[in-house]
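Tertiary structure, described
Chain residues, written in single-letter form:
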Amino acid sequence: MASHQRSPAIKGAKVLMVGAGGIGCELLKTLALSGFEDIHIIDMDTIEVSNLNRQFLFRQSHVGQSKAKVARDAVLRFRPHISITSYHANVKDPDFNVDFFKQFNVVLNGLDNLDARRHVNRLCLASDVPLVESGTTGFLGQVTVHVKGKTECYECQPKPTPKTYPVCTITSTPSKFVHCIVWAKDLLFAKLFGDKNQENDLNVRSSDAASSSQQAEDVFERQNDEGIDEYAKRIYDHVFGYNIGVALSNEETWKNRNRPKPLYSRDVFPEEPSQQNGNMDKNCATDDPLSVSAMASLGLKNPQDIWSLLENSRIFLEALKLFFGKREKEIGNLSFDKDDQLAVEFVTAAANIRAASFGIPLHSLFEAKGIAGNIVHAVATTNAVIAGLIVIEAIKVLQRDANNYRMTYCLEHPSRKMLLMPVEPFEPNKSCYVCSETPLLLEVNTHRSKLRDFVEKIVKAKLGMNCPLIMHGPALLYEVGDDLDKDMAVNYAANLEKVLSELPSPVTGGTMLTVEDLQQEFTCNINIKHREEFDEEKEPDGMLLSGWTQAPRVEKDDNKTVGNGGSSTSNASSAMPVEAEEDDDIEFVPTGKKRKVGEISKATNPNISDVADDDVLVMLDGENLDINKKKKLQ
């Protein structure tokens, strides 16, 4: 495509970007340099220190400011003649409705979580606006095109539950216990007991980075004349009190989040921590440093007990003192080991104290030990490559060049001398409940499960609806919204506490419920099947949603790949990443077959699947995949 051919499509286009992170920064720059003149960008996040190594539109002085606004200002400095409109907001806000989306020619996603991706997918379907999706992790990445009625939508294939979480969330705005575990294990433990020369963002806060760098450098170092009790208390007060207090000073971060509570030792302990020492002699009998235990010192025995905040605080201080008292020679060379009892105790206690500060439920040592995740940092050049591919596909979409749409996958290792693997898009999945409106089936005990269970566990958690409306025939069972009158709101709240079979319009086996999200303009029908018993271990929700199936295989004789907008080029024997997410954290878990990815046969490389949360990807690594040609877009 020559520049003069694509110029009218580019200059006349109105483009919506969602996300201004690792991919978003590169994408905004590339759009501007490619001649796009009307760009709108939405992002709710503020800039963190950990963003600066790859999000090149941001600088140290921008820490704590809106990503969308700073990115806009940075690009306008070298492209002052174009129009860039920024929104420091959540794309799920009511202002960004179907009418808002209809004004754009194409939507480009650089999002960081599954929930928001599904939301944008549904708004694009409702507004009939093409969507270009993207994701990266390390050297791997992908770009996919979703056009209503022509290609599969983002939700045509199931997405796995996320297992790892973003660095930005871990350091700044944890909302789940696993965030606290990763913070305690990979940041705090490493800072106190690992390599002192290794970079660590633990003690660098947003508005604090410039003003208190001296204090941040010194606070984790134990002074020569400092007693262990005094040092342990100082560390406690710094990471659970001071750091959180500094984070609270950034009001922008907490506009739509619950504010944490700084915790200081003086507020937790009824007396001085030094007066609550454990019995270190109980650890003298063992010569194995991995068997030293703060629990043993304090007389705590059951690892399945959930400790109180006070008990966690005592374990934290005792474990820190045992490391310096019993294992001082190892300090500076330690890394977390799940078989190291004292390390597990320290991480569990630290995670629970942080969880208490952020209003997150506490967990037992047994549960904490089972939570694991490895951080893999982003490769900035992968983001740049993916951003370029997004723009290429956006131009094709704007030119209505449907025959040349491509899903392109960026590989870590060459396959047939190719690092970029293009594949023709798939047709819509006829079994997709989102774009094909196929009814789902819900197995549930209608005599035990309440409407609240259905709303929370199915409608919101699994179907991703934000403002649901639930109907049984003409009867309206539940609705949310600011425009409800008081009597209706009270009535719907009362319905939430009723079991399904006792609702004003009873829900029993054979019932069909219609669930609708007015903001997303998305409607789904659910057939109810009564079931008496559920396996508590395998089906903890007490209900089972099914009917979301993959499209059937379509076997073909030819096995060829197609170029990026060109003709077929070669056979390939390597798998592509599927539904990748944006950079930084990665977890390896075993898997079997997930889906077919086009005209590629006998793939053997890892298959990548989508996750939620910024900078994170779950990689499914295991069995070989047979990837056969699937029915393509005609």
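Note that the coordinates shown come from a computational prediction; the quantities given were computed from them, not determined experimentally.

1. Brief notes about the confidence of the model for the protein
Confidence in the prediction of the protein, expressed as mean pLDDT, is 79, and 76% of residues score 70 or more. Scored below 50 in pLDDT, residues 204-216 makes 23 contacts in the model with residues more than four places away or belonging to other chains. Long-range and interchain partners of residues 549-632, a stretch whose pLDDT sits below 50, account for 305 contacts in this model, where long-range means more than four residues apart.

2. Some remarks on the sheet that holds strand β15 (residues 543-546)
With respect to topology, 6 strands assemble into an open sheet ordered β12-β11-β13-β14-β10-β15, the strand pairing being mixed. If you trace the sheet from one side to the other, it starts and ends with β12 (475-479) and β15, each paired once. Between one strand axis and the next, the sheet turns through 25 degrees on average, direction left out of account. In this structure, strand β10 (residues 440-444) lies alongside strand β14 (residues 522-530), joined through 5 bridges in parallel fashion. When the sheet's bridge partners are listed, L440 is paired in β14 with I526. Strands β10, β11 (468-472), β12, β13 (512-517), β14 and β15 of the sheet are contacted by helix α16 (residues 451-460), whose axis makes an angle of about 120 degrees with β11.

3. Describing the nonpolar core
F193, F316, L320 and F346 are the most contacted members of the largest nonpolar core, which has 57 residues in total. Per element, the largest residue contribution to this core is 12 residues, and it comes from helix α7 (residues 177-193). When near neighbours in sequence (up to four residues on either side) are disregarded, F316 contacts L188, A232, I235, Y236, F240, F346, A349, A350 and I353. Core analysis: the second largest hydrophobic core is formed by 44 residues, A9, A13, A71 and A387 among them.

4. Some words on the packing of aromatic side chains
Between two aromatic rings, the relevant description is the distance of the centres plus the angle of the planes. Within the structure shown, the criterion is met by 21 aromatic pairs. Where F189 meets F346, the ring centres are 6.1 Å apart and the plane angle is 65 degrees; that geometry is what we call edge-to-face. Taken together, the positions of F189 in helix α7 and F346 in helix α13 (residues 341-357) put the pair 157 residues apart, joining distant regions of the chain. Residue classification places F346 among the buried positions, given a relative accessible area of 0%. With a centroid separation of 5.3 Å and 70 degrees between ring planes, the pair formed by Y231 and F324 is classed as edge-to-face. Linking Y231 in helix α9 (residues 228-248) with F324 in helix α12 (residues 309-326), this pair joins segments that are 93 residues apart in sequence. Both residues of the pair, Y231 and F324, belong to the buried class. Ring-pair connections join several aromatic residues into one group, and the members of that group are W183, F189, F193, Y231, Y236, F240, F269, F316, F323, F324, F336 and F346. Lying across the ring of Y264, R266 places its NZ or CZ 4.6 Å from the centre. Over the ring of W183 we find R354, and its NZ or CZ is 4.4 Å from the ring centre.

5. Some thoughts on a nonpolar patch on the surface
On the surface, V385, L419 and L420 cluster together into a nonpolar patch covering about 210 Å² of accessible area. Mapped onto the fold, L420 is located in strand β9 (residues 418-423).

6. Notes on the pattern of salt bridges
Applying the stated criterion to the full structure yields 21 salt bridges. Residue E252 is joined to K255 by a salt bridge in which the shortest nitrogen-to-oxygen separation is 3.5 Å. Under the relative-accessibility criterion, E252 is labelled partly exposed at 29%. According to the relative accessible area criterion, K255 is exposed, its value standing at 60%. Each of the salt bridges in this network shares a partner with another, and the network as a whole consists of D229, E318 and K321.

7. A closer look at α7
Here α7 contains 17 residues, and its C-alpha end-to-end distance of 22 Å stays within 8% of the 24 Å for a straight helix at 1.5 Å per residue. Bending of α7 peaks at approximately 35 degrees at the position of A184. α7 sits mainly inside the fold: 15 of its 17 residues count as buried.

Criteria and thresholds
- Residues numbered from 1 in each chain as written.
- Predicted model: local features only at pLDDT ≥ 70, side-chain atom pairs only at ≥ 80, totals over all residues.
- Heavy atoms only, no water.
- pLDDT = per-residue confidence, 0-100.
- Contact = heavy atoms within 4.5 Å.
- Pairing = 2+ DSSP bridges.
- Helix = DSSP H or I, 4+ residues; strand = E, 2+ residues; numbered from the N terminus.
- Axes fitted to C-alpha atoms, helices over the stretch in contact; angles between N-to-C directions.
- Core = buried A, V, L, I, M, F, W, Y, C linked by side-chain atoms within 4.5 Å.
- Buried < 20%, exposed > 50% of the residue type's maximum accessible area, 1.4 Å probe, protein only.
- Phe/Tyr/Trp six-rings, centres within 6.5 Å; stacked < 30°, edge-to-face > 60°.
- Lys NZ or Arg CZ within 6 Å of the ring centre and 35° of its normal.
- Patch = residues over 30% accessible without salt bridge, like charges linked within 9 Å, V, L, I, M, F, W, Y side chains within 5 Å.
- Areas by Shrake-Rupley, 256 points an atom, 1.4 Å probe, with all protein chains shown as cover.
- Salt bridge = Lys/Arg side-chain N within 4 Å of Asp/Glu carboxyl O.
- Expected span 1.5 Å × (residues − 1).
- Bend = angle between axes of the 7 residues up to and from the residue.

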